[in-house]
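# Coordinates in review
Spelled out, the chains give:
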Amino acid sequence: MNMEFNVPAFRPHQFANRKRNIDKAVNGLIGILSGVTADTKLNQNELMYLNIWLKSQSSLRDDPDAIDLLDLIADVVEDGAVSSEEMHDLLTLCNDVVTYRSSEDEGIYEAKINEFLGVLQGVVADGSVNRQEFDFLIGWLRENDVVEDDWLVEQVVSRANQIMSDGIVTQGELTEFGDLVKQLTGYQFNETGSAECSSIAYLEDSIEKIEQDSLICFTGTFVSGSRRILEGLAVSKGLKPKNRITKSLNYLVIGELVTPDWRFQSYGRKIEQAVKYREEGIPIKILSEKNWTQLID
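Reading guide: rules and limits
- Residues numbered from 1 in each chain as written.
- Predicted model: local features only at pLDDT ≥ 70, side-chain atom pairs only at ≥ 80, totals over all residues.
- Heavy atoms only, no water.
- Core = buried A, V, L, I, M, F, W, Y, C linked by side-chain atoms within 4.5 Å.
- Buried < 20%, exposed > 50% of the residue type's maximum accessible area, 1.4 Å probe, protein only.
- Helix = DSSP H or I, 4+ residues; strand = E, 2+ residues; numbered from the N terminus.
- Contact = heavy atoms within 4.5 Å.
- Salt bridge = Lys/Arg side-chain N within 4 Å of Asp/Glu carboxyl O.
- Lys, Arg positive; Asp, Glu negative; His and termini not counted.
- Polar contact = N/O pair within 3.5 Å; in protein donor to acceptor, adjacent residues only side chain to side chain.

Residues Phe116, Phe134 and Phe177 are the most contacted members of the largest nonpolar core, which totals 53 residues. Looking at this core, the elements with two or more residues in it are α1 (12–36), α2 (44–56), α3 (64–77), α4 (84–101), α5 (109–123), α6 (131–143), α7 (151–164) and α8 (171–185). Of the residues forming this core, the biggest block, 7 residues, is contributed by α1. In contact with Phe116, not counting residues within four places along its chain, are Leu137, Trp140, Leu141, Leu152, Val153 and Val156.

Right under this line is the structure:
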């Protein structure tokens, strides 16, 4: 009797995507570990943030360093009390991982951007940024000028330069800077317990009304339907859908299902282009799917 077996086809792009996801997660881990240890100590909020972040990273499930970190964190929190010796051991392991893994993708733009996002998450993991963490972040940016032209980096550098312009860094300025970092990273750990980083809320414009005959572009993945459905709805409201970001565009609507690495997706390039035009004085308005839905109801 002849038997036929269906062998799954090898798909190189699946392997490439898996490797890319692992690389992204490793670089994020390097950044977060650097950030949470920036002031040479760990507190319990930072410990819990790191624990939840690691558990949420499916790409690091088999990574030996991630496994070691999770095992040590589990040992540290097992009895409900964290001793200074346990924190020292964890801090040492975090520093060892950063030292060993940081050289893997040194100088590569995407790797360093993912590390930068991790650093932002790490320094604000406990909900605030202190002076040592602020100074560490400034030092990191100076050492990694490969990312200096990134518009997200520019937001951080611009605010940091304002704070340091008079040679004095006040607690109030550190609080405001921490709030900026929370916006940039979508920090909601204290409210939701989530350690995800995917916010675009800081990009949104305050809009009360969408003018008819305006040019509008939809980008990203939407909760309320496909892009074609949304474009049809826009036409019914007297708007003119467009596929590209141009200087004549009036509105860019970003889908609610934003992934943490949206900046490296095709729709991320549209968002960046719109932001750059807006910074040049072009009156493009950026709004979320949620805001769009509220405005057309």
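Attention shifts here to the pattern of salt bridges. Throughout the structure, instances matching the rule amount to 4 salt bridges. One salt bridge in this structure joins Arg131 and Asp135, with 3.0 Å as the shortest N-O distance. Taken together, the residues span about one helical turn, with Arg131 and Asp135 both in helix α6 at a distance of 4 residues. Among the residues examined, Arg131 registers a relative accessible area of 40% and is labelled partly exposed. Among the ionic pairs, Asp205 bridges to Arg278, the shortest N-O distance being 2.9 Å.

This next bit is on the side chain of Asp39. Inspection of the secondary structure assignment puts Asp39 in the loop between α1 and α2. Although Asp39 is buried, it forms no salt bridge, and the closest oppositely charged side chain is Lys41 at an N-O distance of 4.9 Å. At 3.0 Å, the side chain of Asp39 and the side chain of Asn130 are in polar contact. Apart from residues no more than four positions distant in its own chain, Asp39 is found in contact with Asn130, Gln132 and Glu133.

Before going further, it helps to spend a moment on the environment of Cys217. Mapped onto the secondary structure, Cys217 falls in strand β1 (residues 215–219). Taking the relative accessible area as the measure of exposure, Cys217 reaches 0% and is therefore buried. C-alpha of Cys217 to C-alpha of Ala234: the two residues are 17 residues apart in sequence and 9.7 Å apart in space. Each residue touching Cys217, except ones within four places of it in the same chain, is listed here: Lys242, Asn243, Arg244, Ile245, Leu249, Tyr251, Leu252, Val253 and Lys270.

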